[in-house]
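For reference, the chains in residue letters:
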Protein chains: 2
Amino acid sequence: MPEPSVIRDTVASYLKTVATGSAADVAALYTEDAVLEDPVGSEPVRGRAAITEFYSALENLRQETELLAVRVAGNSAAFHFRVRTETPDGVVEIEPIDVMTFDEFGRITSMQAFWSAEDVQVR
Amino acid sequence: MPEPSVIRDTVASYLKTVATGSAADVAALYTEDAVLEDPVGSEPVRGRAAITEFYSALENLRQETELLAVRVAGNSAAFHFRVRTETPDGVVEIEPIDVMTFDEFGRITSMQAFWSAEDVQVR
């Protein structure tokens, strides 16, 4: 099981990379066979190739992220964060709660994002 | 799948009942075969009898709860909240992030609480 500090580091890297990195950079934080469900209830995205494709939709948009709260437990973390995305229609802001599990090296083995359309604000 | 409003109502009832109700009142919000993991990584508590016993440890302590954020997705919710417990050693404060799943009637089918010892503050 990874140390809590390793999990916290991966969460911080994830938020930084979502804001500033490429889709491949974000996907590299996941294990090869990781599963992503964003939002929870949607079809899961399985494997790093599909995960790279998932993040590529956001790759060319300017994004800012901010960690609001993180709780580490066992090999898992739940964290509340803000993501602001500049789109042609305005600045879209969401504050999801994500849950991740991690392998012994702190790589993400699963991600579930809790949010719904009613949480999306366009400014 | 329950409506988001039904899920939000159960989350609100849960926090209110943790603060003011009996262990049986809290357990009544769960299904008969629900599973609880608090904190994540500990041995799961299975079934309403065991869940009642779990909450009975807190039954005679004065508690206050406050919802900080809730996100509903599919049949699930993630929520960040504060719980203050008056103990002989002082006021213990934790702000966990919990994840719950719900049946079609809005009853809790599972709960996972994300927090660790380092998140506990004694005032």
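Source: prediction; values computed, not measured. (Residues numbered from 1 in each chain as written. Chains lettered and ligands numbered in written order. Predicted model: local features only at pLDDT ≥ 70, side-chain atom pairs only at ≥ 80, totals over all residues. Heavy atoms only, no water.)

**Describing the relation of the copies chain B and chain A**
The two chain copies are related to each other by a rotation about an axis together with a translation along it.
Piece 1. When chain B is fitted to chain A, the residual RMSD is 0.0 Å, and the transformation amounts to a turn of 180° plus an axial shift of 0.0 Å. The superposition of one copy onto the other is thereby described by a two-fold rotation axis.
Piece 2. With an isologous cut-off of 70% or more, the 100% of interface residues of chain B that recur at the interface of chain A puts this contact in the isologous class. (Least-squares fit on C-alpha atoms with pLDDT ≥ 70 in both. Contact = heavy atoms within 4.5 Å.)

**Here's the deal with the interface of chain B and chain A**
Piece 1. Counting from both sides, the interface comprises 24 residues of chain B and, opposite them, 24 residues of chain A.
Piece 2. Here chain B packs against chain A, burying approximately 1,800 Å² in sum over the two surfaces, 62% of which is carbon and sulfur.
Piece 3. Together, B:Arg71, B:Ile97 and B:Phe114 form the three largest contributors to the area buried by chain B at its contact with chain A, with a combined 35%.
Piece 4. Our count for the chain B to chain A interface comes out at four salt bridges.
Piece 5. Put simply, A:Arg71 and B:Glu95 hold a salt bridge, and the shortest N to O gap is 3.9 Å.
Piece 6. Linking chain B to chain A there are four residue pairs in polar contact (both at pLDDT 80 or more).
Piece 7. If you tally residues by element for the side of chain B that touches chain A, the top one is strand β4 (residues 76-87) of chain B, at five residues. (Buried area = accessible area lost by both parts, 1.4 Å probe. Salt bridge = Lys/Arg side-chain N within 4 Å of Asp/Glu carboxyl O. Polar contact = N/O pair within 3.5 Å; in protein donor to acceptor, adjacent residues only side chain to side chain. Helix = DSSP H or I, 4+ residues; strand = E, 2+ residues; numbered from the N terminus.)

**Considering the packing of aromatic side chains**
Residue and element names in this part refer to chain A.
Piece 1. Scanning the model with the defined rule gives ten aromatic pairs over all chains in all.
Piece 2. Judged by centre distance (6.2 Å) and plane angle (75°), the rings of Tyr14 and Tyr55 are edge-to-face. Residue Tyr14 is found in helix α1 (residues 4-20), and its partner Tyr55 is found in helix α3 (residues 48-56); the two are separated by 41 residues along the sequence. Each member of the pair, Tyr14 as well as Tyr55, is classed as buried.
Piece 3. Among the aromatic residues, those joined into a cluster by ring pairs are Tyr14, Tyr30, Phe54, Tyr55, Phe79 and Phe81. (Phe/Tyr/Trp six-rings, centres within 6.5 Å; stacked < 30°, edge-to-face > 60°. Buried < 20%, exposed > 50% of the residue type's maximum accessible area, 1.4 Å probe, protein only.)

**Examining the environment of B:Glu59**
All names here are of chain B.
Piece 1. Among the secondary structure elements, Glu59 is positioned in the loop between α3 (48-56) and β3 (62-73).
Piece 2. Residues in contact with Glu59, not counting those within four places in the same chain, are Ser22, Ala23 and Ala24.
Piece 3. Within the structure, the side chain of Glu59 is placed 2.8 Å from the backbone nitrogen of Ala23, a separation counted as a polar contact.

**Re the pattern of salt bridges**
Piece 1. This structure, assessed with the given rule, holds 22 salt bridges over all chains.
Piece 2. Between B:Arg48 and B:Glu32 there is a salt bridge, with its nearest N and O atoms 3.1 Å apart. You can see B:Arg48 sitting in helix α3 and its partner B:Glu32 sitting in strand β1 (residues 30-37), a full 16 residues away along the chain.
Piece 3. When its relative accessible area of 54% is taken as the criterion, B:Glu32 is described as exposed.
Piece 4. For B:Arg82, the salt bridge identified is with B:Glu93, shortest N-O distance 3.9 Å. Here B:Arg82, found in strand β4, pairs with B:Glu93, found in strand β5 (residues 90-94); they are eleven residues apart in sequence, far enough to count as distant. Residue B:Arg82 shares its accessibility class with B:Glu93, and that shared class is buried.
Piece 5. Taken together, the shared-partner salt bridges connect A:Glu64, A:Glu66, A:Arg82, A:Arg84, A:Glu93, A:Glu95, A:Arg123 and B:Arg71 into one network.

**Quick word on the environment of A:Ala28**
Residues and elements named next belong to chain A.
Piece 1. Examined against the element boundaries, Ala28 turns out to sit in the loop between α2 (23-27) and β1 (30-37).
Piece 2. When its relative accessible area of 47% is taken as the criterion, Ala28 is described as partly exposed.
Piece 3. The spatial distance from the C-alpha of Ala28 to the C-alpha of Ala49 is 10.0 Å, given a sequence separation of 21 residues.

**What to know about the UniProt feature "domain: SnoaL-like" (unreviewed entry) in chain A**
Piece 1. Sequence positions flagged by UniProt for "domain: SnoaL-like" (unreviewed entry) are, in local numbering, residues 11-110 of chain A.
Piece 2. Its end C-alpha atoms 12 Å apart, residues 11-110 of chain A is made of 24% helix and 48% strand. (UniProt positions renumbered as here; feature names shortened; annotations may be inferred.)

**Looking at the pairing of strand β6 (residues 97-102) of chain B**
It is a general feature of regular strands that their side chains alternate between the two faces of the sheet.
All names here are of chain B.
Piece 1. Most of β6 sits out of view: five of its six residues are buried.
Piece 2. The sheet contact formed by β4 and β6 spans five bridges and is antiparallel. Considered in β6, the bridge of Ala78 is made with Val99.
Piece 3. Relative to strand β7 (residues 108-114), β6 runs antiparallel, the two sharing six bridges. From the neighbouring strand, Met100 faces β7, where its bridge partner is Met111.
Piece 4. Connecting β6 to the next strand, β7, in antiparallel fashion are five residues, including Gly106 with a positive phi near 85°. (Pairing = 2+ DSSP bridges.)

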